[in-house]
Amino acid sequence: MSAFFDVVLGRRSVKFVQSPGPTGAQLDLILQAALRAPDHGAVKPWRFVLVQGDDVPALVDVGVRAGIAAGRPLPQPKVDNARKWLSKVPLVIALGCRPDPAGRIPEHESLLAVGAAVMNMLNAAHALGFGAFWSTGIGTYLDGVGEALGFDPLDERFMGYLAIGTPIDAPSPAERPDWRDYVSVWHAPED
């Protein structure tokens, strides 16, 4: 099997990571990989905010404040788990999408482009020996969280967090479904 397939077929989400995180050169590769994602209309919808080192645990406080402001406080066990998780994470990339401002390209296509970019980052991080985890926790869907991270609430959509670092424990192989259970073959109707 080629190295490409070793990476893609061996990738799995790794939530619990620690330092060291990617070096500057490795982060550059991860972000370059992100921008190789398909982008209908070349609208460049990707928006990423880097949160590193001592700033990472403060993400929990952003989510807590947004929950209180929305009248939906985050449950304390969820807050405690998020604090424990982020206490060791060296790098979080906040993920956002800026759909086509001209409205030529449907918004869902820009969201898909950002999703493809995140998948490229996950694969790149794995290829470099890091663990990575895409999370939509910590208040992702609460008003104010994206804005607190620097996303424009009028023009951009906050889509969660990508945590990257060195796996704390060696990841076990993931049990994967058989692709045949999710694929069908279409045939043109006969005239």
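Read on for a plain summary of the structure. (Residues numbered from 1 in each chain as written. Predicted model: local features only at pLDDT ≥ 70, side-chain atom pairs only at ≥ 80, totals over all residues. Heavy atoms only, no water.)

1. Topic: the environment of V17
- Structurally, V17 is set in strand β1 (residues 17-18).
- Judged by its relative accessible area of 0%, V17 is buried.
- Taking the C-alpha atoms as reference points, V17 and L59, 42 residues apart in sequence, are found 16 Å from one another.
- If we ignore the near neighbours within four places in the chain, the residues touching V17 are K88, V89, P90, G131, I164, G165, T166, P167 and I168. (Helix = DSSP H or I, 4+ residues; strand = E, 2+ residues; numbered from the N terminus. Buried < 20%, exposed > 50% of the residue type's maximum accessible area, 1.4 Å probe, protein only. Contact = heavy atoms within 4.5 Å.)

2. Describing the layout of surface pockets
- Considered as a void within the structure, the largest pocket measures approximately 320 Å³ in volume.
- Looking at the largest pocket, it is lined by 16 residues, and the ones nearest its centre are T140, L142, E156, R157 and F158.
- At the level of secondary structure, the elements contributing two or more residues to the lining of the largest pocket comprise α6 (145-148) and β5 (157-167).
- Residues of the lining of the largest pocket, tallied by class, amount to seven nonpolar, four polar and five charged.
- In this model, the second largest pocket occupies a volume close to 230 Å³.
- Taken together, 14 residues form the lining of the second largest pocket, with K15, K78, N81, A82 and W85 sitting closest to its centre.
- Mapped onto the lining of the second largest pocket, the elements with two or more residues apiece are α4 (76-86) and β4 (131-135). (1 Å grid on protein atoms, 1.4 Å probe; cavity = no way out; pocket = protein on both sides within 12 Å on 5 of 7 lines; lining within 4 Å. Points joined across faces, edges and corners; volume = space filled by probe spheres on them. Nonpolar A, V, L, I, M, F, W, Y, C, P; charged D, E, K, R; others polar.)

3. Section: the nonpolar core
- The biggest cluster of nonpolar side chains holds 23 residues, and the ones touching the most others in it are L86, V89, V92, V145, L149 and Y161.
- Residue assignment for this core shows that the elements contributing at least two residues are α3 (58-69), α4, β3 (91-97) and β5.
- With near-sequence residues (within four places) excluded, V145 lies in contact with V62, G63, A66, I138, G139, F158 and Y161.
- Counting residues in each nonpolar core, the second largest holds 22 residues, with V114, A125, A132 and I164 among its members. (Core = buried A, V, L, I, M, F, W, Y, C linked by side-chain atoms within 4.5 Å.)

4. Side note on the environment of G24
- Among the secondary structure elements, G24 is positioned in helix α2 (residues 24-34).
- Taking the C-alpha atoms as reference, G24 lies 27 Å from S2; in sequence the two are 22 residues apart.

5. Details of the pairing of β3
- Along β3, seven of the seven residues are buried, which leaves the element largely enclosed by surrounding structure.
- Side chains L91, I93, L95 and C97 project from β3 onto one buried face, and the interleaved V92, A94 and G96 project onto a second face that is buried too.
- Alignment of strand β2 (residues 46-52) against β3, held across seven bridges, turns out to be antiparallel. Paired with F48 across the strands is L95, a residue of β3.
- Bridging between β3 and β5 involves seven bridges; their strand directions are antiparallel. Residue pairing across strands places L91 opposite I164, the latter belonging to β5. (Pairing = 2+ DSSP bridges.)

6. Comments concerning the packing of helix α1 (residues 3-10) against helix α5 (residues 107-127)
- One can describe the packing of α1 onto α5 by two numbers: an axis separation of 9 Å at closest approach and a directional angle of 110°. When the axes of α1 and α5 are compared, the pair comes out roughly perpendicular. Every pair of crossing elements has a handedness; the one defined by α1 and α5 is right-handed. Contacts between α1 and α5 involve D6, V7, V8 and G10 from the former and N123, H126 and A127 from the latter.
- Each residue belonging to the contact of α1 with α5 can be placed in one class, and the counts come to three nonpolar, three polar and one charged. (Axes fitted to C-alpha atoms, helices over the stretch in contact; angles between N-to-C directions. Parallel < 35°, antiparallel > 145°, perpendicular 65-115°, else oblique. Left-handed = near helix turned anticlockwise from the far one by under 90°.)

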